[in-house]
Amino acid sequence: MLIILLGPPGAGKGTQAERLVKQYNLAYIATGDILRAAVKSGSPLGKQAKTFMEQGQLVPDEVVVGIVRERLTAPDCAAGAILDGFPRTVAQAQALDQVLEEIGTKIDRVIHIEVDEEELITRLTGRRVCRECAATYHIKFNPPKVRNVCDQCGGELYQREDDSLSTVQERLVVYNKQTAPLIDYYNREGLLTVIDGNREIEQIFSQISSALETGSS
Ligand code: ADP
Ligand code: ADP
Ligand code: ZN
């Protein structure tokens, strides 16, 4: 099973992916997490990506396509995967189609999580992320049991630098311009399911699960 989570920053892609990978036993490919780990380690990939990420801009297509190609061909993805935050441009979507053709697989469903802009800003500026396992929390809407400590692994929570108000606003502009065209791209292929993401985390999860089980839009 290959699932793509599409939606603006703060829509809840990572939050839903955490639940979906457990439920369906899928590999998890989040290009944002992979890039942040590279920046933290100071690797050549990280050095290449850092400035783009800090400014809320997209990392060049070739770079992220290379990452995803490598991950999708790894053994743990043979049984299926969730892509979170990729593709983010039409060029990335076309490159993905080509990789999938090469490895003889296809996309099962694209889940587009829709959320109002004002709500996105509240979610992103209150987001906290685990330094160790990248689990996601929110200071009000999804707080950890112990303040600043990850429920899953005990790691320390931090606020992403690009979750500041000004960078969030820039990321939303970038989303509308470069990523939103993918909604049409996948709709035309009959792969799109639109989910109202303005609700509770568990309600959204059950809607996504039933869409995956019935394959419906
Ligand atoms: P969000 O919470 O906005 O969904 P991500 O963690 O997915 O954020 O991405 C953080 C940053 O990493 C992006 O602003 C961008 O700079 C970079 N990035 C992640 N995925 C991609 C991608 N597919 N293409 C280009 N840049 C990406
Ligand atoms: P994305 O991966 O799409 O950028 P996240 O899953 O990181 O989004 O969610 C962004 C923030 O909003 C996080 O702080 C998360 O805890 C919170 N959040 C996610 N889903 C919901 C929801 N349905 N209602 C309220 N807050 C949510
Ligand atoms: Zn953790």
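Up top you'll find the structure we're talking about.
Residues numbered from 1 in each chain as written. Chains lettered and ligands numbered in written order. Predicted model: local features only at pLDDT ≥ 70, side-chain atom pairs only at ≥ 80, totals over all residues. Heavy atoms only, no water.

(A) Layout of the coordination of the zinc ion (ligand 3). On the protein side, the zinc ion (ligand 3) has Cys130 (SG), Cys133 (SG), Cys150 (SG) and Cys153 (SG) as donor atoms, found 2.3 to 2.4 Å from it. One way to put it: the four donor atoms around the zinc ion (ligand 3) meet at angles of 99 to 115°, and that makes the site tetrahedral. All donors of the zinc ion (ligand 3) come from a single chain, and their spacing in sequence reads C-x2-C-x16-C-x2-C. Here Cys133 is found in the loop between β5 (127-130) and β6 (136-138), whereas its partner Cys150 is found in the loop between β6 and β7 (157-158), with 17 residues between them in sequence. By relative accessible area, which is 37% here, Cys133 ends up partly exposed. (Donors = N, O, S within 2.8 Å, 3.2 Å for Na, K, Ca; no water. Tetrahedral: all angles 85-135°; square planar, octahedral: opposite > 155°, others 65-115°. Helix = DSSP H or I, 4+ residues; strand = E, 2+ residues; numbered from the N terminus. Buried < 20%, exposed > 50% of the residue type's maximum accessible area, 1.4 Å probe, protein only.)

(B) Main features of the site of ligand 1. Around ligand 1, the structure places 18 residues, and the nearest of them are Pro9, Thr31, Gln57, Gly85 and Arg171. Contact between ligand 1 and Lys13: an oxygen atom at 3.1 Å from a side-chain N or O atom of the residue. Side-chain polar atom of Arg36 to an oxygen atom of ligand 1: 2.9 Å apart, as the coordinates give it. Expressed as a share of its isolated accessible area of 550 Å², the protein-covered part of ligand 1 is 96%. When residues of the shell around ligand 1 are assigned to their parent elements, the largest contribution, four residues, is made by helix α2 (residues 31-41). (Near = heavy atom within 4 Å. Polar contact = N/O pair within 3.5 Å; in protein donor to acceptor, adjacent residues only side chain to side chain. Areas by Shrake-Rupley, 256 points an atom, 1.4 Å probe, with all protein chains shown as cover.)

(C) Just the site of ligand 2, in detail. If you check the shell around ligand 2, you find 19 residues, and the closest are Lys13, Thr15, Arg127, Tyr137 and Arg199. Interatomic distance of 2.9 Å between a backbone N/O atom of Gly14 and an oxygen atom of ligand 2. Within the contact set of ligand 2, a nitrogen atom lies 3.3 Å away from a side-chain nitrogen or oxygen of Arg123. A total of 560 Å² of accessible area belongs to ligand 2 in isolation, and the protein chains cover 94% of it. Those elements that provide at least two residues to the shell around ligand 2 are α1 (13-24), β6 and α9 (201-214).

(D) Representation of the sheet that holds β7 within the structure. Taking strand neighbours across the sheet as the criterion, the three strands line up as β6-β5-β7 in an open arrangement whose pairing is antiparallel. A single partner strand is all that each edge strand has here, and the edge strands are β6 and β7. The sheet contact formed by β5 and β6 spans three bridges and is antiparallel. Looking at the pairing, Arg127 lines up with His138 of β6. (Pairing = 2+ DSSP bridges.)

(E) Structural detail: the side chain of Gln16. By the secondary structure assignment, Gln16 is in helix α1. At 3.2 Å, the side chain of Gln16 and the backbone oxygen of Ile201 are in polar contact. Beyond its immediate stretch of four places on either side in the chain, Gln16 contacts Ile113, Ile201, Ile204, Phe205 and Ile208. (Contact = heavy atoms within 4.5 Å.)

(F) Broad picture of the environment of Asn25. By the element assignment, Asn25 lies in the loop between α1 and β2 (27-30). Separated by 55 residues in the primary sequence, Asn25 and Gly80 place their C-alpha atoms 8.2 Å from one another.

(G) Highlighting α9. Taking 1.5 Å per residue, 14 residues should reach 20 Å; α9 reaches 20 Å between its end C-alpha atoms and fits that length. Where α9 is concerned, the buried positions are Ile204, Phe205, Ile208, Ser209, Ala211 and Leu212. On an axial view of α9, the arc spanned by its buried residues comes to 160°, and they lie on one face. Those residues of α9 that are exposed and aimed more than 90 degrees away from the buried face are Glu213 and Thr214. Buried-residue contacts for α9 involve β1 (2-6), α1, β4 (109-114) and β8 (192-196). At the C-terminal side of α9, Gly215 shows a positive phi close to 65°. (Expected span 1.5 Å × (residues − 1). Arc of directions from axis to C-beta.)

(H) Quick look at the packing of helix α5 (residues 90-103) against helix α8 (residues 181-188). α8 packs onto α5 with a crossing angle of 35° between their chain directions and a minimal axis gap of 9 Å. For the pair α5 and α8, the contacting residues are Val90, Ala93, Gln94, Leu96 and Asp97 in the first and Pro181, Leu182, Tyr185 and Tyr186 in the second. Classifying every residue of the contact of α5 with α8 gives seven nonpolar, one polar and one charged. (Axes fitted to C-alpha atoms, helices over the stretch in contact; angles between N-to-C directions. Nonpolar A, V, L, I, M, F, W, Y, C, P; charged D, E, K, R; others polar.)

(I) Molecular detail of the packing of helix α4 (residues 61-72) against α5. At a closest axis distance of 10 Å, the pairing of α4 and α5 adopts a crossing angle of 25°. In this view, α4 runs roughly parallel relative to α5, as classed from their interaxial angle. In the packing of α4 onto α5, the handedness of the crossing is right-handed. When α4 is examined against α5, the residues Asp61, Val64, Val65, Val68, Arg69 and Leu72 are found in contact with a partner set consisting of Ala91, Gln92, Ala95, Leu96, Val99, Leu100, Glu102 and Ile103. Of the residues contributing to the contact of α4 with α5, the split by class is ten nonpolar, one polar and three charged. (Parallel < 35°, antiparallel > 145°, perpendicular 65-115°, else oblique. Left-handed = near helix turned anticlockwise from the far one by under 90°.)

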